[in-house]
Amino acid sequence: MINPEANADWPGRLPPEVEAFIRETVEMIHELDDTGLQEMTPLFYQHGYEQVRMSLQNLLKILGHDPDA
């Protein structure tokens, strides 16, 4: 999990761990988008949904929101 307080030390730019998280998330989305039709099974969608949900949850926490509240 990424520390949501980390940005306090980096005014005007993102902390390196947040930038890395964003790059990883973008790559994950590209991988999902590049999946062939024959590979788009129910398991693919379930796994893809969980990956996107976890990334969104972490992004919300970085932005100071608690998605579990």
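Quick note: structure is the one above.
The following paragraphs examine the structure supplied in this document.

Let us look at the pattern of salt bridges. Counted according to the given criterion, the structure contains two salt bridges. With a closest N to O distance of 2.9 Å, Glu-50 and Arg-53 form a salt bridge. In this pair, Glu-50 and Arg-53 both sit in helix α2 (residues 42-62), three residues apart, roughly one turn of the helix. In this structure Arg-53 comes out as partly exposed when scored by relative accessible area, which is 33%. With a closest N to O distance of 4.0 Å, Lys-61 and Asp-68 form a salt bridge. Classification of Lys-61 as partly exposed rests on a relative accessible area of 24%. Note on Asp-68: relative accessible area 56%, which makes it exposed.

Compared with an ideal rise of 1.5 Å per residue, which puts 18 residues at 26 Å, helix α1 (residues 16-33) spans 26 Å between its outermost C-alpha atoms and is within 8% of the ideal. Of the positions making up α1, those classed as buried are Val-18, Phe-21, Thr-25, Met-28 and Leu-32. Seen end-on, α1 carries its buried residues on one side only, within an arc spanning 80°. Relative to its buried face, α1 has exposed residues pointing more than 90 degrees away, namely Arg-23 and Asp-33. Tucked into the core, α1 has its buried residues touching α2.

For the rest of this paragraph, the subject is the packing of α1 against α2. In contact at an axis separation of 11 Å, α1 and α2 are set at 160° when each is read in the N-to-C sense. Taken as axis vectors, α1 and α2 run roughly antiparallel relative to one another. Note on packing geometry: the crossing formed by α1 with α2 is left-handed. Of α2, the residues touching α1 (which contributes Val-18, Phe-21, Thr-25, Met-28 and Leu-32) are Phe-44, Gly-48, Gln-51, Val-52, Ser-55, Asn-58, Leu-59 and Ile-62. Tallied by class, the residues present in the contact of α1 with α2 amount to eight nonpolar, five polar and no charged.

Conventions and cut-offs
Residues numbered from 1 in each chain as written. Predicted model: local features only at pLDDT ≥ 70, side-chain atom pairs only at ≥ 80, totals over all residues. Heavy atoms only, no water. Salt bridge = Lys/Arg side-chain N within 4 Å of Asp/Glu carboxyl O. Helix = DSSP H or I, 4+ residues; strand = E, 2+ residues; numbered from the N terminus. Buried < 20%, exposed > 50% of the residue type's maximum accessible area, 1.4 Å probe, protein only. Expected span 1.5 Å × (residues − 1). Arc of directions from axis to C-beta. Contact = heavy atoms within 4.5 Å. Axes fitted to C-alpha atoms, helices over the stretch in contact; angles between N-to-C directions. Parallel < 35°, antiparallel > 145°, perpendicular 65-115°, else oblique. Left-handed = near helix turned anticlockwise from the far one by under 90°. Nonpolar A, V, L, I, M, F, W, Y, C, P; charged D, E, K, R; others polar.

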